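# Tertiary structure, described
Residues per chain, in single letters:
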Amino acid sequence: MPWTPISIKDEPRYPWRGLLVDSSRHYLSVPLLEKTIDSMAALKLNTLHWHIVDAESFPFVSTKYPDLQKKATYHPMASYSPQTISHLVNYANSRGVRIVPEFDTPGHTAAIGQAYPDLIADCYDWLTAHYDSELRWSMWDSVALDVTKQETKDFVEDVMNEMSSLFP
């Protein structure tokens, strides 16, 4: 059979071909996340941007701060343990997909305030002084971590260290 002088060059146009999922506002089961990763691999998407936590829920299970799972999630079972996250990271990696986590801070932290209210800045007086209308959202007073406290800085450092150890 004769050799045909054809050269095919096929490569992605962009290095980050991704999809964002938000498990802070809508808990996503592990099988659903696996199915999403499988679909991404089939479509040659390589980055799962995982918006894990936000004001509504903090489903990341911290071994150092267990009240996050008990009080800052929709339900304690609607959370992701370090073992579950490690499984998903390995599952994705074996399919050519990397997981990039997003942890909102110092704002969007009302869920943290449900578990650790002493870490939240008292913003109500400032908000009412600067906005000309009634505050319609009950969590307006617990929107941000109080970065002036050492215990808040320790909390953020501890949680980020736990998180970063799970995501290469």
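Residues numbered from 1 in each chain as written. Predicted model: local features only at pLDDT ≥ 70, side-chain atom pairs only at ≥ 80, totals over all residues. Heavy atoms only, no water.

### A closer look at helix α6 (residues 150-166)
Each α-helix turn comprises 3.6 residues. Residues three or four places apart therefore point the same way. In this model α6 runs 25 Å from its N-terminal to its C-terminal C-alpha over 17 residues, within 8% of the 24 Å that 1.5 Å per residue would give. Taken residue by residue, α6 has Thr152, Phe155, Asp158, Val159, Glu162, Met163 and Leu166 as its buried positions. Mapping the buried residues of α6 onto a view down its axis gives an arc of 130°, with all of them on the same face. For α6, the elements touching its buried residues are α2 (67-71), α3 (82-93), β3 (98-103) and α4 (110-115). (Helix = DSSP H or I, 4+ residues; strand = E, 2+ residues; numbered from the N terminus. Expected span 1.5 Å × (residues − 1). Buried < 20%, exposed > 50% of the residue type's maximum accessible area, 1.4 Å probe, protein only. Arc of directions from axis to C-beta. Contact = heavy atoms within 4.5 Å.)

### A few points about the packing of helix α1 (residues 30-42) against α3
Relative placement of two packed helices is described by the angle separating their axes and the distance separating the axes. Where α1 contacts α3, the two axes come as close as 10 Å, and the packing angle between them is 15°. Compared by their axis directions, α1 and α3 come out roughly parallel. Where α1 crosses over α3, the handedness of that crossing is right-handed. Touching Val30, Leu33, Glu34, Ile37 and Asp38 of α1 are Thr84, His87, Leu88, Tyr91 and Ala92, all from α3. Split into classes, the residues belonging to the contact of α1 with α3 amount to six nonpolar, two polar and two charged. (Axes fitted to C-alpha atoms, helices over the stretch in contact; angles between N-to-C directions. Parallel < 35°, antiparallel > 145°, perpendicular 65-115°, else oblique. Left-handed = near helix turned anticlockwise from the far one by under 90°. Nonpolar A, V, L, I, M, F, W, Y, C, P; charged D, E, K, R; others polar.)

### What about the pattern of salt bridges?
Evaluation of the coordinates by the stated rule reveals six salt bridges. A salt bridge links arginine 25 to aspartate 22; the shortest N-O distance between them is 2.6 Å. Residue aspartate 22 is classed as buried on the basis of its relative accessible area, which comes to 19%. Lysine 71 serves as the salt-bridge partner of aspartate 67, at 3.9 Å between the closest nitrogen and oxygen. With aspartate 67 and lysine 71 both in helix α2, this residue pair falls four residues apart, about one helical turn. Among the charged side chains, a salt-bridge network with shared partners connects Asp22, Arg25, Asp54 and Glu56. (Salt bridge = Lys/Arg side-chain N within 4 Å of Asp/Glu carboxyl O.)

### Points about the pairing of strand β1 (residues 18-22)
It is a general feature of regular strands that their side chains alternate between the two faces of the sheet. By the bridge criterion, five bridges tie β1 to strand β2 (residues 47-53) in an arrangement that is parallel. Across the sheet, leucine 20 pairs through a bridge with histidine 49, a residue of β2. Once you follow β1 into α1 and on to β2, the crossover reads as right-handed. (Pairing = 2+ DSSP bridges. Right-handed = clockwise from strand over helix to strand, strands pointing away.)

### A look at the packing of aromatic side chains
Within this structure, the stated rule accounts for eight aromatic pairs. With 5.1 Å between their ring centres and 25° between their planes, tyrosine 27 and tyrosine 80 make a pair best called stacked. Of this pair, tyrosine 27 sits in the loop between β1 and α1 while tyrosine 80 is found in the loop between α2 and α3, placing the two residues 53 residues apart along the sequence. In this structure tyrosine 27 comes out as partly exposed when scored by relative accessible area, which is 33%. Tyrosine 80 sits in the buried class, given a relative accessible area of 0%. Ring plane angle 50° and centroid distance 6.0 Å describe the contact between tyrosine 116 and phenylalanine 155, whose orientation is recorded as tilted. One end of the pair, tyrosine 116, is in the loop between α4 and α5 (124-130); the other, phenylalanine 155, is in helix α6, and 39 residues separate them in sequence. For tyrosine 116, a relative accessible area of 19% translates into the label buried. A relative accessible area of 2% means that phenylalanine 155 is categorised as buried. (Phe/Tyr/Trp six-rings, centres within 6.5 Å; stacked < 30°, edge-to-face > 60°.)

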